[in-house]
Amino acid sequence: QVQLVESGGGSVQAGGPLRLSCAASNYAYYYSAYSMAWFRQAPGKEREGVAAIGSDGTTTYADSVKGRFTISRDHAKNTLYLQMNSLKPEDTAMYYCAADPRHMTSIQALAVMRPGIGDWGQGTQVTVSS
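Predicted model only: the values in this text are computed from it and were never measured. (Residues numbered from 1 in each chain as written. Predicted model: local features only at pLDDT ≥ 70, side-chain atom pairs only at ≥ 80, totals over all residues. Heavy atoms only, no water.)

**Q** I'm lost on the overall build of the chain in this one. Help?
**A** When helices and strands are tallied, the chain shows 1 helix and 11 strands. Seen in sequence order, the chain has helices and strands lined up from the N terminus as β-β-β-β-β-β-β-β-β-α-β-β. Taking 2.2 N^0.38 as the reference for a compact globule, 130 residues should give roughly 14 Å; the C-alpha atoms of the chain span a radius of gyration of 14 Å, in line with that estimate. By principal-axis analysis of the C-alpha atoms, the chain measures approximately 40 × 25 × 25 Å. Every one of the 130 residues in the chain was classed for burial, and the buried ones make up 47%. For the chain, the accessible surface area stands at approximately 6,400 Å², while carbon and sulfur atoms represent 49% of it. Between the centroid of the 11 positive side chains of the chain and the centroid of its 10 negative side chains there is a distance of 2 Å. (Helix = DSSP H or I, 4+ residues; strand = E, 2+ residues; numbered from the N terminus. Rg over C-alpha atoms; globule rule 2.2 N^0.38 Å. Buried < 20%, exposed > 50% of the residue type's maximum accessible area, 1.4 Å probe, protein only. Areas by Shrake-Rupley, 256 points an atom, 1.4 Å probe, with all protein chains shown as cover. Lys, Arg positive; Asp, Glu negative; His and termini not counted. Charge placed at Lys NZ, Arg CZ, Asp CG, Glu CD.)

**Q** What is the right way to read the state of the cysteines from this model?
**A** A disulfide bridge is the covalent bond that connects two cysteines by way of their sulfur atoms. The full count for this structure, using the stated rule, is 1 disulfide. Paired by a disulfide, Cys22 and Cys97 hold their sulfur atoms 2.1 Å apart. Since a negative S-S torsion denotes a left-handed disulfide, the Cys22-Cys97 link at about -80 degrees is left-handed. Here the residue Cys22 occupies a position in strand S3 (residues 18-25), and Cys97 occupies one in strand S9 (residues 93-100), the gap between them amounting to 75 residues. Side by side, Cys22 and Cys97 carry an identical accessibility label, which is buried. (Disulfide = S-S within 2.5 Å.)

**Q** Honestly, the sheet that holds strand S1 (residues 3-7) in this entry has me stumped. Any pointers?
**A** Two modes of strand pairing occur in sheets, parallel and antiparallel, and in both the strands are linked by backbone hydrogen bonds. On the basis of which strands lie adjacent, the open sheet formed by 4 strands has the order S1-S3-S8-S7 and antiparallel pairing. Single-partner strands in this sheet number two, and they are S1 and strand S7 (69-74). Mean inter-strand twist for the sheet, computed between neighbouring axes without regard to direction, equals 15 degrees. Two elements, S1 and S3, share 5 bridges in a ladder whose sense is antiparallel. Looking at the pairing, Gln3 lines up with Ser25 of S3. (Pairing = 2+ DSSP bridges. Axes fitted to C-alpha atoms, helices over the stretch in contact; angles between N-to-C directions.)

**Q** Sorry, what's going on with unusual backbone geometry here?
**A** Working note: non-glycine residues mostly have negative phi, and peptide bonds are mostly trans. Positioned with a positive phi, Asn78 is a non-glycine residue whose angle comes to about 50 degrees. Within the secondary structure layout, Asn78 lies in the loop between S7 and strand S8 (79-84). In this model, Ser86 sits at a positive phi of 50 degrees, which is unusual for a non-glycine residue. Tracing the chain through its elements places Ser86 in the loop between S8 and S9. Residue Ser86 is classed as partly exposed on the basis of its relative accessible area, which comes to 40%.

As structure tokens, then:
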């Protein structure tokens, strides 16, 4: 399975930026063929899709983060990023990186990826204070 190592989580004041990184290794297919996504889960709430980037290069976002978050990938470094700007307290959650070897658009990826499908990182905590 793909090994996903996340970094960049932490505490930040509302309105501030934070960038999450997800380094991938031990992949069975060409890295660029993977669809990838970021999910998050707050205490007492279900895990939700935040952003995805398809194997076709398209990106899509949850309405709650559109315009504030940007997902990107560096193929040379086999790394996925999530740039988060204008953070709000409601963005506080455990953030997870996920990879799926299927060729999908970003819309498809965000819709179908979930625990038990593809590979997932251990999660990194993001806390936004008022």
